[in-house]
Amino acid sequence: MIIEKGILEQYNKNEVENFNIDFDFLQNKLTKTGVNVAEIVNKIADFQVAIPSWALGAGGTRFGRFSYGGEPSSLEQKLDDVGLIHALTHSAGAVSLHIPWDIPSDVKAIKEKAASHGLVFDAMNSNTFQDQPNAKHSYKFGSLNSINEDSRAYAVEHNKEVIRIGKELDSKSLTVWLADGASFPGQLNFQNALSKTEQSLKEIYAGMPEDWKLFIEYKPYEPNFYSTTIQDWGTSFMLANACGERAYTLVDLGHHLPNSNIEQIVATLMYKGKLGGFHFNDSKYGDDDLTVGSIKPYALFLIFNELVYGIENNPQNPYPAWMIDASHNIKDPLEDLIQSLEAILIAYTQALLVDQKALKDAQLNNDVVRAQEILQNAYRTDVRPLLRAARLQTGAALDPIAAYRNLKVRENLITERGLNVKATGL
């Protein structure tokens, strides 16, 4: 299914009157406070978030998976689905591939398919957390940290192969997330495991093109429940420094222990020039991979406040690579991704409204109440009219979820692909 621009223009005509009322009210209010509304709308329009190739089918847990009809059963269909999301939102202009789940059989055709939807290929993602069919060596007891040199070398070579595929697709970065660790005390030697991991990452880093970045992800637990070798941002930061200047830490919102101060982690990494990427999701207890902003929207805003500040004030840090990393077990996956994009853009826009000069003055005067009011005034602003203005400017749908349902996207996908289909890689 392809959504033509004329269809969205016609859909927007039915919504534009109410939009104009809401936008004019907010624009007048913000303009009186000195906010450049046009500049903010342009920033919203430019903000792009990568969609991971594994998020387009129904997700699941270790207890079960509930399929959705019309799921994409090939990489081509996955790109079509990202194209649908991008057409509706104009905020999903990149796709992040997972290898080996989504190896292109025809690179030229895949690049043409992506380009037809206005998509580029963002970070590539390797997989050493599960054994593939007919694998020569096992990752059961570790991959990059393995005491088995054959398994470790096999994992390093897999990452180099992912880089080779990424080069053909014009990607410029590799994300490494490791499940390596231990479920029981005494299972491994912590220092040996860390040493092996560092050695492996350096080998992978040495195999990257000069214009590539390496993103090192961390996670405190799961699938191992006693220890994870790269368990926190400090370990990732240390390993990135050991690899070189083009290696960075990647922050995943769900990869923290409960109530961690993620905004402070973000600020620290950007100050040191080492925040490379960011994976969006939400959680109540652990790595729940819920819809972005569905549980802790204020925490997301505070994180974006630090991201916006860092982008403006930390030239030593590269512009971060943004990606959604969530699992959709009971929702339509495309609707869930659209909801996540909306939450990301809301938090980003609210952060753009923070009066950084006034906040700095409050901090310098130890005016704690004023500082809190500045942040919460921005957070409490309903910025959705600004998001809709950006969508109208770019030819997207004013209300992407409503348009998705009115155009019967899921029903059309089921008609095209069938009801009992399963997304590749899941």
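Residues numbered from 1 in each chain as written. Predicted model: local features only at pLDDT ≥ 70, side-chain atom pairs only at ≥ 80, totals over all residues. Heavy atoms only, no water.

Caption draft 1: The environment of G395, seen in detail. With respect to the element layout, G395 can be found in the loop between α14 (384-394) and α15 (400-406). Classification of G395 as buried rests on a relative accessible area of 18%. When the C-alpha atoms of G395 and L88 are compared, they prove to be 8.4 Å apart, with 307 residues separating the residues in sequence. In this structure G395 touches K5, L8 and A87, once residues within four positions along its chain are discounted. (Helix = DSSP H or I, 4+ residues; strand = E, 2+ residues; numbered from the N terminus. Buried < 20%, exposed > 50% of the residue type's maximum accessible area, 1.4 Å probe, protein only. Contact = heavy atoms within 4.5 Å.)

Caption draft 2: Representation of helix α6 (residues 149-168) within the structure. The terminal C-alpha atoms of α6, which comprises 20 residues, lie 29 Å apart, in line with the 28 Å expected from a rise of 1.5 Å per residue. When α6 is considered as a whole, its buried residues turn out to be S151, R152, A155, V156, H158, N159, V162, I163, I165 and G166. Buried residues along α6 sit against β4 (124-125), β5 (173-176) and α7 (190-206). By the N-cap criterion, in which a side-chain oxygen at the helix start approaches the backbone nitrogen of a residue two or three places on, α6 is capped by N148, the distance to D150 being 2.9 Å. Directly beyond the C-terminal end of α6, a positive phi value near 70° is found at D170. (Expected span 1.5 Å × (residues − 1). Polar contact = N/O pair within 3.5 Å; in protein donor to acceptor, adjacent residues only side chain to side chain.)

Caption draft 3: Expanded view of the pairing of strand β10 (residues 275-280). Buried residues dominate β10, accounting for six of its six residues. Strand direction decides the pairing type here: strand β9 (residues 247-252) and β10, joined by four bridges, are parallel. Bridge pairing in β10 places D252 opposite H279. The handedness of the β9 to β10 crossover, carried by helix α9 (residues 262-271), is right-handed. As defined by bridge partners, β10 adjoins strand β11 (residues 321-324) across four bridges and the pair is classed as parallel. Residue pairing in the sheet places G277 in a bridge with A321 of β11. Handedness of the crossover is the feature at issue here: the chain leaves β10, passes through helix α10 (residues 297-313), returns alongside β11, and the resulting connection is right-handed. (Pairing = 2+ DSSP bridges. Right-handed = clockwise from strand over helix to strand, strands pointing away.)

Caption draft 4: Representation of unusual backbone geometry within the structure. The residue after I99, namely P100, is reached through a cis peptide bond having omega 20°. Mapped onto the secondary structure, P100 falls in the loop between β2 (94-96) and α5 (107-116). Positive phi values are uncommon outside glycine, yet N134 reaches one of about 65°. By the element assignment, N134 lies in the loop between β4 and α6. The class of N134 is exposed, set by a relative accessible area of 78%. At D170, a residue that is not glycine, the phi angle is positive and equals roughly 70°. Mapped onto the elements, D170 comes out in the loop between α6 and β5. On the basis of relative accessible area, D170 is assigned to the partly exposed category, the value being 48%.

Caption draft 5: Representation of the pattern of salt bridges in the model. Overall, the coordinates contain 23 salt bridges when judged by the stated rule. Notably, a salt bridge pairs E157 with R164, separated by 2.5 Å at the nearest N-O pair. Taking the relative accessible area as the measure of exposure, E157 reaches 39% and is therefore partly exposed. By relative accessible area, R164 is classed as partly exposed at 37%. Two residues, E335 and R405, come together in a salt bridge whose shortest N-O distance is 2.6 Å. With E335 in helix α11 (residues 333-352) and R405 in helix α15, the pair connects residues that are 70 residues apart, well separated along the chain. On the basis of relative accessible area, E335 is assigned to the buried category, the value being 13%. (Salt bridge = Lys/Arg side-chain N within 4 Å of Asp/Glu carboxyl O.)

Caption draft 6: Structural context of α11. Taking 1.5 Å as the rise per residue, α11 with 20 residues should run 28 Å; its terminal C-alpha atoms sit 29 Å apart, in good agreement. A large share of α11 lies buried, amounting to 17 of its 20 residues. Of the residues flanking the start of α11, the one acting as N-cap is D332, its side-chain oxygen 2.9 Å from the backbone nitrogen of L334.

Caption draft 7: Main features of the packing of helix α3 (residues 37-46) against α14. The N-to-C vectors of α3 and α14 enclose an angle of 70°; their axes lie 8 Å apart at closest approach. Classed by the angle they form, the pair α3 and α14 counts as roughly perpendicular. Handedness of the α3/α14 crossing: right-handed. Contacts between α3 and α14 pair V37, I40, V41, N42, I44 and A45 from the former with L386, L387, A389, A390, Q393 and T394 from the latter. (Axes fitted to C-alpha atoms, helices over the stretch in contact; angles between N-to-C directions. Parallel < 35°, antiparallel > 145°, perpendicular 65-115°, else oblique. Left-handed = near helix turned anticlockwise from the far one by under 90°.)

Caption draft 8: Focus on the side chain of T291. Structurally, T291 is set in the loop between β10 and α10. Side-chain polar atoms of T291 contact the side chain of K331, separated by 2.7 Å. Beyond its immediate sequence surroundings of up to four residues, T291 is in contact with D282, K331, D336, Q339 and S340.

Caption draft 9: A look at the nonpolar core. Among the nonpolar cores identified, the biggest contains 111 residues, and F304 and L386 are the most heavily contacted of them. At 11 residues, the largest contribution of residues to this core is made by α11. (Core = buried A, V, L, I, M, F, W, Y, C linked by side-chain atoms within 4.5 Å.)

Caption draft 10: Representation of the packing of helix α4 (residues 75-89) against α5 in the model. Two numbers describe how α4 lies on α5: the axes approach to 9 Å, and their chain directions differ by 15°. Of the possible angle classes, the one that applies to α4 and α5 is roughly parallel. Crossing handedness for the pair α4 and α5: right-handed. Counted together, L75, E76, L79 and D80 of α4 and I110, K113 and A114 of α5 form the full contact between these two elements. Classifying every residue of the contact of α4 with α5 gives four nonpolar, no polar and three charged. (Nonpolar A, V, L, I, M, F, W, Y, C, P; charged D, E, K, R; others polar.)

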